[in-house]
Amino acid sequence: MPIEVNNLSYSYKKGTPFEKQVLSNINLKINDGEFVGIIGPTQAGKTTLAQHFNALLVPDQGRVIVNGVDLAEKKADLVKLRHNVGYVFQNPDYQLFEPTVGEDIAFGPRNQNLPPKEIENRVLEAMAQVGLDYDTFNKRDIFALSGGQKRRAAIAGVLACKPQIMILDDVTAGLDPGGRKEIINVIKKLHHEQEITTIYISNSMDEIAALAERIIVLNQGQVLFDDQTGEVFLHARKLIDIGLELPEVMNITTRLIEAGFNLPGAILSIDQAVHAIAASLQKGQVDA
Amino acid sequence: MELTKNITLGVYLPGNTLIHTLDPRTKIVATALLITLLLFIKSYLAYVLFLILIIAILIIATIPPGYAFCGLKPMLPILLLMWIFQLFLYSTPGATVIFSWWIFSATDAGLHMGNLISMRVLFLFTVTTILTLTTSIVSLTDGLESLLNPLKKIGLPTQELVMTMIIALRFVLILAEELDKIIKAQMARGVAFDRGNFIQKTRNLFPVFLPLFINAFKRAEELIVAMEARSYSGGKGRTKMKTLHMGRLDLLAGLFMLLFSVLVVYLILTIPPAI
Amino acid sequence: MNPLIEVANLSYSYRAGSGNEVAALKDITMKVFEGELLAITGRNGSGKSTLARHFNCLLTPVSGSVEVDGLSVSDKCNVASIRRQVGMVFQNPDNQLVSSIVEEDIAFGPENLGLPAEEIRRRVDWALKTLNLKNLQYESLNQLSEGQKQLVAIAGVLAMKPRCIVLDEPTAHLDPRSRREVIKNALRLNREEGITIVLLTHFMEEVTHCDRMIVMDMGEIKMEGSPREVFDSEEKIINLGLDFPVSAKLAEGLRKQGIRIPRKTINAEELIKSLCQLK
Ligand SMILES: Nc1ncnc2c1ncn2[C@@H]1O[C@H](COP(=O)(O)OP(=O)(O)OP(=O)(O)O)[C@@H](O)[C@H]1O
Ligand SMILES: Nc1ncnc2c1ncn2[C@@H]1O[C@H](COP(=O)(O)OP(=O)(O)OP(=O)(O)O)[C@@H](O)[C@H]1O
Ligand SMILES: [Mg+2]
Ligand SMILES: [Mg+2]
């Protein structure tokens, strides 16, 4: 199910004094099985863009075409589309609406008219994936959760739908580091084993660097860069200018390069950094 | 899907116009006056006067009229229903029948009653909307409190009263926002709000209401907790950064409102009511 | 240093007495010292927010005691004066902004304290200046970015001139620049204005800026000390659901390659300095 966006523009509150153009003339294509990161400063329009991918928002101008179907067309089957395109909202409070955790997770599968046994299994599996203990949390009121527990419940609700495309909007915000790692592993595994197309919006450059194969950088409603991960982070100046930063490892290696170390420009993981620094030090010793 | 777009009641549209800078008390009293007049008028001419006044205010306050009236959109179905009820059920002795169908018959009196009541609701709503569009929440609170001050002497908890009113006003907006969110959340997981016929769409709305109210109350509660964390305790011992101040403009506005009211009262007394 | 907040044997359960009681805090004893920058971290659901909400009377102990400057939070008479001393900033700025205009919102707290108009004005101006928000003074709140809203929320608390500000995950939803901005300002308020700061966070990089840290798990305090000491106990950190700052991980990787980086390296500056000496 490839996603194609042509000349997309969007304004909120169109026709009122509060009208605000948020996206202007966006063009991009996301292929099956890709892992795409979307980054950009706050208010850049990341969430707004992503909500067009499952027709939660409808373009003012331009087209969004998923699996060959223009989503603005009357005959587009949006219900089926949304079964296939899972969307985890940026704020878990926006997503949870059933009274208890278990019911909320079951909501999606129930809408797919699955048999009760299957729904039950999906809930069990999803809760295990996000690290919520079934006995403790199945019957728990959604308001009786800590910030991070709400987040986990929200992710589980979408995992239980087993979509082909997953849109994750800043989903690790508020998770503890251990939880972050677990959730990221689940996402990675789904991407690798089931070739789920993954669209990962994040404010954490470290995560994006570790996960995404390709990055789309949005700024003020426009696509600034759309390139391989390593390439995008070579534009350090520009990224910092618009309010982003480099991944923490690259922050360190960049400063080492300034201090005279001989390292490659784009270093995306700690392992890579360790080997490059070790190599640079050895070579230095040989030179000396 | 954007439901909040059509909500204007309780929204503040920042600006620097004559209307915005008037003392909130002037605006509140004027609004109260207009509301009272609206409850009494029964002639089309008076409504025309009102319409002219409202459009003039909108122009001075630089509020696009289209925007001020779009808040009425969600109310139209209810108004239509009301109008139909009046048309067929209201009648006076000696009224002429316009047309009849089966056991129902519509009289001219019913028609006028329907018209007048619908217009009354529309105007009441618009007048209140203009107040909130041009007055920020804080000045609204300050103004109301100061106006109700005399009642405090007889032991009424005016500050609590005002705060409750303000939260109620904000609640309209919170409800709309929550409705937006829940509909989006349910659509994202496979409920079709944007497809299907009227009946299907309406049926889909039912599972929205319970979480809607729970969430909206939760939001209001969080707001109150945040206020308490900032030492708010029902307004006891509260002081103000900006003291209210009536100026010459307020005097002028007051005089103008007085003239307008006299005119309307004159119309009420002299022109025979439409029904 | 003298303690500003003293917690002794505090236990708290949500829905105490009902069938589905949740024990959120179990026998916590800790102190917050005057003028320190304290980080509290730990797994989701470990009880951080619940603990912090006791510091300004949003919750009261089921058993044990919490005292702020010698005043018990369980006593209703103390609520006003405790809230005057301990301000709280929540994670979601939308739920804590009361007004529609920046300066009006900042004035809300001081107005509740019943100060004279000129004093409120002075404090609002001071808070605006301290957090560099002067240019947003008359902005409408819904025009601001999340980061700016969070700074306004902090300004609103600051204008009450509290002795202590509790920040509950203030940066979780922010972009990198806003995050840096919020933390930088928290540090500055601590260093320059001498305000005690309690920072609840999941970001290990933020923790390394603090004087002292507390790690919670299952409603108990599991570790306590300077970040350098705490990050030195490797297995414990992982078992408690935490992680190491990137610099510490990099330093560890380099040590394994036989490069001599001192243990207890936890921030970028130290790491770069050690590496430059080896060159
Ligand atoms: N429902 C809405 N009504 C009006 N304006 C909105 C609405 N949602 C978002 N906006 C505005 O649209 C702009 C883009 O918002 P969006 O949420 O898409 O940004 P983002 O890149 O996701 O930012 P963040 O990193 O803060 O999540 C912002 O200026 C925001 O104020
Ligand atoms: N209103 C509530 N009713 C019942 N239980 C609650 C309520 N709020 C929190 N809890 C439970 O209390 C425990 C502690 O929650 P708390 O919010 O203090 O955690 P936290 O450390 O702040 O977590 P996080 O990092 O996710 O914000 C959790 O197990 C949570 O499920
Ligand atoms: Mg967003
Ligand atoms: Mg918390």
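Residues numbered from 1 in each chain as written. Chains lettered and ligands numbered in written order. Predicted model: local features only at pLDDT ≥ 70, side-chain atom pairs only at ≥ 80, totals over all residues. Heavy atoms only, no water.

Peer 1: Teacher, can you tell me more about the overall build of chain C here?
Peer 2: Counting its regular elements, chain C contains eleven helices and ten strands. The C-alpha atoms of chain C give 20 Å as radius of gyration, which agrees with the globular expectation for 279 residues (19 Å, within 12%). With the C-alpha coordinates of chain C rotated into their principal frame, the extents come out at 65 × 50 × 35 Å. Counting all 279 residues of chain C, 59% fall into the buried class. Contacts in chain C between residues far apart in sequence, at least 24 positions, make up 63% of those at least 6 positions apart. Of the roughly 10900 Å² of accessible surface on chain C, 48% is carried by carbon and sulfur atoms. Taking the average location of the 35 positive side-chain charges in chain C and that of its 38 negative ones, the two points are 4 Å from each other. (Helix = DSSP H or I, 4+ residues; strand = E, 2+ residues; numbered from the N terminus. Rg over C-alpha atoms; globule rule 2.2 N^0.38 Å. Buried < 20%, exposed > 50% of the residue type's maximum accessible area, 1.4 Å probe, protein only. Contact = heavy atoms within 4.5 Å. Areas by Shrake-Rupley, 256 points an atom, 1.4 Å probe, with all protein chains shown as cover. Lys, Arg positive; Asp, Glu negative; His and termini not counted. Charge placed at Lys NZ, Arg CZ, Asp CG, Glu CD.)

Peer 1: Could you clarify how one ought to interpret the coordination of the magnesium ion (ligand 3) in this entry?
Peer 2: The textbook angles at a metal center are 109.5 degrees for a tetrahedron of four donors and 90 or 180 degrees for an octahedron of six. All names here are of chain A. Around the magnesium ion (ligand 3), the protein contributes the donor atoms Thr47 (OG1) and Gln90 (OE1), at 1.9 to 2.2 Å from the metal centre. A residue pair is termed long-range when its members are at least 10 positions apart, and Thr47 in helix H1 (residues 46-53) and Gln90 in the loop between strand S6 (85-88) and helix H3 (101-111) qualify at 43 residues. Judged by relative accessible area, which is 23%, Thr47 ranks as partly exposed. The exposure class of Gln90 is partly exposed, given its relative accessible area of 26%. (Donors = N, O, S within 2.8 Å, 3.2 Å for Na, K, Ca; no water.)

Peer 1: Help me understand the packing of aromatic side chains in this model?
Peer 2: Residue and element names in this part refer to chain A. Counted by the stated rule, this structure contains eleven aromatic pairs over all chains. Ring plane angle 90° and centroid distance 4.7 Å describe the contact between Phe97 and Phe107, whose orientation is recorded as edge-to-face. Placement of Phe97 in the loop between S6 and H3 and of Phe107 in helix H3 is noted, with a sequence separation of ten residues between them. Exposure class is identical for Phe97 and Phe107. Each is buried. (Phe/Tyr/Trp six-rings, centres within 6.5 Å; stacked < 30°, edge-to-face > 60°.)

Peer 1: Is there a simple way to explain the sheet that holds strand S4 (residues 63-68) of chain C in this structure?
Peer 2: The strands making up a sheet associate through backbone hydrogen bonding, with each pair oriented either parallel or antiparallel. All names here are of chain C. A sheet is described by the order of its strands in space; here four strands give the open sequence S2-S1-S4-S5, paired in antiparallel fashion. Two strands bound the open sheet, and with one partner strand each, they are strand S2 (22-33) and strand S5 (71-72). Note: strand S1 (residues 3-14) against S4, five bridges, orientation antiparallel. When the sheet's bridge partners are listed, Ile5 is paired in S4 with Val68. (Pairing = 2+ DSSP bridges.)

Peer 1: What am I meant to see in the pairing of strand S8 (residues 197-201) of chain A here?
Peer 2: Taken residue by residue, a regular strand's side chains alternate between the two faces of the sheet. Residue and element names in this part refer to chain A. Most of S8 sits out of view: five of its five residues are buried. Here S8 shows a buried face lined by Thr197, Ile199 and Ile201 and a second buried face lined by Thr198 and Tyr200. Both strand S3 (residues 35-39) and S8 contribute to a ladder of four bridges, which runs parallel. Bridge pairing in S8 places Ile38 opposite Ile201. Across five bridges, strand S7 (residues 165-169) lies against S8 in parallel orientation. Within S8, the position partnered with Ile167 by the bridge is Ile199. Traced from S7 through helix H7 (residues 177-194) to S8, the parallel crossover comes out right-handed. (Right-handed = clockwise from strand over helix to strand, strands pointing away.)

Peer 1: Looking at this model, I keep getting lost on the domain arrangement of chain B. Mind explaining?
Peer 2: As a measure of interface size, the accessible area lost when the parts come together is often cited. Residue and element names in this part refer to chain B. Looking at chain B, the domain boundaries give domain 1 (1-157 + 239-275) and domain 2 (159-233). At the junction of the two partners, domain 1 supplies 17 residues and domain 2 supplies 18 residues. Summing both partners gives a buried area of about 1700 Å² for domain 1 against domain 2, and 79% of it is carried by carbon and sulfur. At the junction of domain 1 with domain 2, the criterion picks out zero salt bridges. One can count one residue pair in polar contact (both at pLDDT 80 or more) joining domain 1 with domain 2. For the side of domain 1 that touches domain 2, the leading source of residues is helix H7 (residues 137-153), giving seven residues. (Domains from an automatic or database assignment. Buried area = accessible area lost by both parts, 1.4 Å probe. Salt bridge = Lys/Arg side-chain N within 4 Å of Asp/Glu carboxyl O. Polar contact = N/O pair within 3.5 Å; in protein donor to acceptor, adjacent residues only side chain to side chain.)

Peer 1: It is not clear to me how the interface of chain B and chain C should be interpreted in this structure. Could you clarify?
Peer 2: Taken together, the contact pairs 23 residues of chain B with 33 residues of chain C. Buried surface at the junction of chain B and chain C, summed over both partners, amounts to about 2500 Å²; 52% is from carbon and sulfur atoms. It is Arg230(B), Ser231(B) and Met241(B) that lose the most area in chain B upon contact with chain C, and together they represent 33% of the buried surface on that side. Between Arg238(B) and Glu111(C) there is a salt bridge; the shortest N-O distance is 2.7 Å. Run the count over chain B and chain C and you get twelve residue pairs in polar contact (both at pLDDT 80 or more). Those elements that place two or more of their residues in the side of chain B that touches chain C are H7 and helix H9 (198-229) of chain B. For the side of chain B that touches chain C, the element with the highest residue contribution is H9(B), accounting for eight residues. Class assignment of the residues belonging to the side of chain B that touches chain C gives a composition of eleven nonpolar, four polar and eight charged. (Nonpolar A, V, L, I, M, F, W, Y, C, P; charged D, E, K, R; others polar.)

Peer 1: Honestly, the site of ligand 1 in this entry has me stumped. Any pointers?
Peer 2: Taken together, 14 residues sit near ligand 1, with Lys20(A), Thr42(A), Lys46(A), Thr47(A) and Thr48(A) positioned nearest. At ligand 1, the nearby residues belong to more than one chain, namely chains A and C. Residue Thr48(A) places a side-chain N or O atom 2.5 Å away from an oxygen atom belonging to ligand 1. At 2.8 Å, a side-chain N or O of Gln90(A) approaches an oxygen atom of ligand 1. Summarising the interface, the protein chains cover 78% of the accessible area of ligand 1, which totals 640 Å² for the free molecule. A per-element tally of the shell around ligand 1 places H1(A) first, with three residues. The residue inventory of the shell around ligand 1, partitioned by class, reads four nonpolar, six polar and four charged. (Near = heavy atom within 4 Å.)

Peer 1: What is the right way to read the interface of chain C and chain A from this model?
Peer 2: In this complex, chain C contributes 43 residues to the contact, which on the side of chain A involves 46 residues. Around 3700 Å² of area is buried between chain C and chain A when both sides are counted, 59% of it from carbon and sulfur atoms. Contact with chain A buries surface across chain C, with Asn44(C), His173(C) and Leu250(C) losing the most and accounting together for 16% of the total. Across the chain C-chain A interface, the total number found is four salt bridges. Inspection of the region where chain C meets chain A yields 14 residue pairs in polar contact (both at pLDDT 80 or more). Among the secondary structure elements, those contributing two or more residues to the side of chain C that touches chain A are helix H6 (176-193), helix H7 (204-207), helix H10 (246-256) and helix H11 (268-278) of chain C. For the side of chain C that touches chain A, a count of residues per class yields 18 nonpolar, twelve polar and 13 charged.

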